[in-house]
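Residues per chain, in single letters:
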Amino acid sequence: MDDITGLGHLAIEVKDLGASLEFYRDRLGLQEMHRLERADGTAWIVYLRITDRQFLELFPGADSDRAPGPDANGTNHFCLTIDNLDVAAAKLEKAGIALTSPIKSGLDGNRGAWIEDPDGNRIELMEMAPDCLQYRAIAALKQQTV
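The sections below set out a description of the structure shown in this document.

Parameters and conventions
Residues numbered from 1 in each chain as written. Predicted model: local features only at pLDDT ≥ 70, side-chain atom pairs only at ≥ 80, totals over all residues. Heavy atoms only, no water. Helix = DSSP H or I, 4+ residues; strand = E, 2+ residues; numbered from the N terminus. Buried < 20%, exposed > 50% of the residue type's maximum accessible area, 1.4 Å probe, protein only. Lys, Arg positive; Asp, Glu negative; His and termini not counted. Salt bridge = Lys/Arg side-chain N within 4 Å of Asp/Glu carboxyl O. Polar contact = N/O pair within 3.5 Å; in protein donor to acceptor, adjacent residues only side chain to side chain. Contact = heavy atoms within 4.5 Å. Pairing = 2+ DSSP bridges. Core = buried A, V, L, I, M, F, W, Y, C linked by side-chain atoms within 4.5 Å. Axes fitted to C-alpha atoms, helices over the stretch in contact; angles between N-to-C directions. Arc of directions from axis to C-beta.

### Observations regarding the side chain of aspartate 117
Tracing the sequence through the fold places aspartate 117 in the loop between strand S7 (111-116) and strand S8 (122-127). Despite its burial, aspartate 117 pairs with no opposite charge; the closest candidate is arginine 66, at 6.4 Å N-O. At 2.6 Å, the side chain of aspartate 117 forms a polar contact with the side chain of tyrosine 24. The residues contacting aspartate 117, other than those within four sequence positions of it, are Ile12, Phe23, Tyr24 and Ile123.

### A word on the pattern of salt bridges
Tallied over the entire structure, the rule returns 9 salt bridges. A salt bridge links glutamate 22 to arginine 27, with the shortest nitrogen-to-oxygen separation between them at 3.8 Å. Salt-bridge contacts for aspartate 26 lead to arginine 25; the nearest nitrogen and oxygen are separated by 2.8 Å.

### Regarding the pairing of strand S6 (residues 101-105)
Note that S6 and S7 share 3 bridges and pair antiparallel. The residue bridging serine 101 from the neighbouring strand is tryptophan 114, located in S7. From the end of S6 to the start of S7, which pair antiparallel, there are 5 residues, and glycine 109 there has a positive phi angle of about 90°.

### A word on the nonpolar core
Ranked by internal contacts, the top residues of the largest apolar core, which has 23 residues, are Tyr24, Leu48, Leu56, Leu58, Ile123 and Leu125. Residue assignment for this core shows that the elements contributing at least two residues are strand S1 (9-14), helix H1 (17-27), strand S3 (43-51), strand S4 (54-60), strand S5 (78-81), helix H2 (85-94), S7 and S8. The leading source of residues in this core is H1, at 4 residues. Residue contacts for leucine 58: discarding those within four places in its chain leaves Ile12, Val14, Leu17, Ser20, Leu21, Tyr24, Trp44, Ile45, Val46 and Leu48.

### Here we look at the sheet that holds S6
As summarised here, the arrangement of the 4 strands in space is S5-S8-S7-S6, forming an open sheet in which the pairing is mixed. The open sheet has two edge strands with one neighbour each: S5 and S6. When the angles between neighbouring strand axes are averaged without regard to direction, this sheet yields 25°. Where H2 meets the sheet, its contacts fall on S6, S7 and S8, and the angle it forms with S7 comes to roughly 20°.

### A closer look at H1
Buried within H1 are the following residues: Leu17, Ser20, Leu21, Phe23 and Tyr24. For H1, the buried positions fall inside an angular range of 165° around the axis, keeping them on one side. Sitting at the amino-terminal end of H1 is aspartate 16, which places a side-chain oxygen 3.0 Å from the backbone nitrogen of glycine 18.

### A closer look at the side chain of asparagine 110
Mapping asparagine 110 onto the fold places it in the loop between S6 and S7. For asparagine 110, a relative accessible area of 2% corresponds to the buried category. At 3.0 Å, the side chain of asparagine 110 and the side chain of glutamine 134 are in polar contact. Contacts of asparagine 110, omitting those with residues within four sequence positions, involve Lys104, Ser105, Met126, Glu127, Met128, Ala129, Cys132 and Gln134.

Below, the structure written as structure tokens:
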């Protein structure tokens, strides 16, 4: 369907909003855009900017301490693209965020690493190679429509 123009947001339930904001906003550097509040004044949704058209929504009040493991039904992880993974990894380390896997090249031709948020949500960090499988597939699709 060519009416879809992008991924607008990813919403995750979090146990401790303060810990999640400290991770995503203060250490990872995502800017808090705005909040929606319940009638009692407590936060219902906190919107964090990934890009001007993509957001991460944090919903406080999760009923468990950890996200489901990678083999559970549902979202396995989300991926943030990074211009320079070596520079980003050094910044993460300085901010106290440890990589849960070392930087390595994937079968798709991209370099990647992994981190986890305080709730155990898995986050892939990917440095897209100019000749990666994804970009080659996009070029092939464009050739088919010409």
